[in-house]
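# Survey of secondary and tertiary structure
Each chain, written out:
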Amino acid sequence: MKVATFINSKTKNDLIVKLVGMGEQTIYKLADIESITQTNESLMPKFPLSEEELVDLVSYLAGLRK
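In this section: unusual backbone geometry. Along the chain, F47 connects to P48 via a cis peptide bond; the corresponding omega equals 5 degrees. Tracing the backbone shows P48 in the loop between β3 (25–29) and α1 (51–63).

Have a look at this one:
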């Protein structure tokens, strides 16, 4: 399974990450991780956005205000 995350910190035994779109941190045991790949791609969608993508983005941003 692939998971897109922001790595907050790494210890001898754990990888502490923030999942994309989530506010809380998650801790994974390094022994359970098969590989870590850094990407140079932006997590933001490529512009111009389609109408559906724009609606999804606005809905997501509106949900952050709660």
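After that view, the rundown keeps rolling.
Looking now at the sheet that holds β3. Taken in spatial order, the 3 strands make up an open sheet running β1-β2-β3, and their pairing is antiparallel. Across the chains shown, the open sheet's two edge strands, defined by having one partner strand only, are β1 (5–10) and β3. Between one strand and the next, the sheet's axes are offset by a mean angle of 35 degrees, whatever the strand orientation. As judged from the 5 bridges shared by strand β2 (residues 14–19) and β3, these two strands associate in the antiparallel manner. Bridging across to β3, I16 finds its partner in I27.

Okay, the environment of A4 next. Looking at the element boundaries, A4 is found in the segment before β1. Spatially, the C-alpha atom of A4 lies 21 Å from that of L54, the residues being 50 residues apart in sequence. Not counting residues within four places of it along the chain, the set of residues in contact with A4 comprises L19 and V20.

On to the environment of L15, then. Relative to the elements of secondary structure, L15 occurs in strand β2. Judged by its relative accessible area of 5%, L15 falls in the buried class. Taking the C-alpha atoms as reference points, L15 and A31, separated by 16 residues in sequence, lie 9.8 Å from one another.

Cut-offs applied
- Residues numbered from 1 in each chain as written.
- Predicted model: local features only at pLDDT ≥ 70, side-chain atom pairs only at ≥ 80, totals over all residues.
- Heavy atoms only, no water.
- Helix = DSSP H or I, 4+ residues; strand = E, 2+ residues; numbered from the N terminus.
- Pairing = 2+ DSSP bridges.
- Axes fitted to C-alpha atoms, helices over the stretch in contact; angles between N-to-C directions.
- Contact = heavy atoms within 4.5 Å.
- Buried < 20%, exposed > 50% of the residue type's maximum accessible area, 1.4 Å probe, protein only.

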